[in-house]
Amino acid sequence: MDEPGWDEEGPVGGISGTGEDLKATGTPAAAPAVAPVTTPPVPPPANEANEALDKSFKKMAKLRHNEALRHFETKDYPKALAALRAAYDLDNQDPEIVNDLAYLLHTLGNRDDAVRYYREALDLAPNRYTAHINLADLLSEGTLTEESQTEAATLLVRARELSGNKPSVILRQARVAAQRGHLEEALLFYKEIEMRTD
């Protein structure tokens with residue numbers, strides 16, 4: 001019999017189950033030079049693997065987010081933006097990352113993207129006081145429309161519900177009311193601030 005080997009259909013010769021591969025001495029013929037077969041490790045169930053991967057991404061996102069905050073503090077905005085975008089790419093479900101990306105874009109004058117990310121942060125965390133304040137501030141500056149001013153006023157009402165009667169929120173309400181031409185309402189807000197700070 002020929003030496004065992006391989007062709008397109010699999011093993012040729014060798015152990016075929018017929019006993020023809022045994023030499024006259026009763027010992028099997030030499031096995032082909034093939035790398036030993038190793039059993040691959042059994043992967044964890046899909047949901048456990050996904051959870052582990054998700055935790056890793058979230059951890060990397062936090063690291064990039066912290067890096068972005070350090071760059072923001074030193075006013076190295078290009079590096080801060082790159083790190084925040086990387087954090088967002090790793091975890092776009094973290095409202096803090098999304099809000100901070102919006103805030104940096106707002107700081108850099110990218111109004112349209114800032115509005116989009118602030119709205120996204122509010123969708124992720126509707127009770128996030130900071131996102132209400134930040135979006136209200138953005139909507140009440142620059143080129144003002146009745147729609148943006150109305151939305152800013154609504155956001156500030158919600159921010160006040162979430163934060164209590166912080167003078168900084170009431171002051172924003174007064175400013176937006178004055179911008180909208182609601183001077184009596186603005187005056188009431190200013191008086192309320194005065195009463196709270198006495």
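Residues numbered from 1 in each chain as written. Predicted model: local features only at pLDDT ≥ 70, side-chain atom pairs only at ≥ 80, totals over all residues. Heavy atoms only, no water.

### Observations concerning the side chain of Asp 94
To keep it simple, the criterion reads: Runs of H or I in DSSP of at least four residues are treated as helices and runs of E of at least two as strands, each being numbered from the N terminus. In the analysis that follows, any N or O atom pair within 3.5 Å is treated as a polar contact, provided that within protein one partner can donate a hydrogen and the other can accept it, and provided that, for residues neighboring in sequence, both atoms belong to side chains. Contacts are residue-level and defined by heavy atoms, with any inter-residue pair within 4.5 Å sufficient.
Within the element layout of this structure, Asp 94 appears in the loop between helix H2 (77–90) and helix H3 (95–107). Within the structure, Asp 94 has its side chain in polar contact with the backbone nitrogen of Glu 96 (distance 2.8 Å). Apart from residues no more than four positions distant in its own chain, Asp 94 is found in contact with Lys 62 and Leu 124.

### Some points on the packing of aromatic side chains
The relative placement of two aromatic rings is captured by the distance of their centres and the angle of their planes. For clarity, the threshold we go by: Aromatic pairs are defined between Phe, Tyr and Trp rings, using the six-membered ring for Trp, whenever the two ring centres lie within 6.5 Å; interplanar angles under 30 degrees are classed as stacked, those over 60 as edge-to-face, and all others as tilted. Under the scheme applied here, a residue whose accessible area is under 20% of the maximum for its type counts as buried, over 50% as exposed, and between as partly exposed, the area being computed with a 1.4 Å probe on protein chains only. By the criterion adopted, a ring carries a charge over it if an Arg CZ or a Lys NZ lies within 6 Å of its centre and within 35 degrees of its normal.
Enumeration according to the criterion identifies three aromatic pairs in this entry. The interplanar angle of 80° and the centroid separation of 5.3 Å between the aromatic rings of Tyr 88 and Tyr 117 together place this pair among those described as edge-to-face. Residue Tyr 88 is located in helix H2, and its partner Tyr 117 is located in helix H4 (residues 111–124); the two are separated by 29 residues in the primary sequence. Looking at Tyr 117, the relative accessible area reads 6%, which means it is buried. One aromatic cluster in this structure is built from Phe 72, Tyr 77 and Tyr 103. Here the guanidinium or amino end of Arg 116 rests over the ring plane of Tyr 117, the centre of that ring lying 4.2 Å away.

### With respect to the packing of H4 against helix H5 (residues 129–139)
What counts here: Axis angles are defined between N-to-C directions and span 0 to 180 degrees, where every axis is a line fitted to C-alpha atoms and, for a helix, only to the segment in contact. When describing relative orientation, an angle under 35 degrees is termed roughly parallel and one over 145 degrees roughly antiparallel, while 65 to 115 degrees is termed roughly perpendicular and anything else oblique. Left-handed describes a crossing whose near helix is turned anticlockwise from the far helix by less than a right angle; the clockwise case is right-handed.
Between H4 and H5, whose axes approach to 9 Å, the crossing angle comes to 155°. Here H4 is positioned roughly antiparallel relative to H5, judged by the angle of their axes. In terms of crossing hand, the pair formed by H4 and H5 is left-handed. Where H4 approaches H5, its residues Arg 111, Ala 114, Val 115, Tyr 118, Arg 119, Ala 121 and Leu 122 are matched on the opposing element by Ala 131, His 132, Asn 134, Leu 135, Leu 138 and Leu 139.

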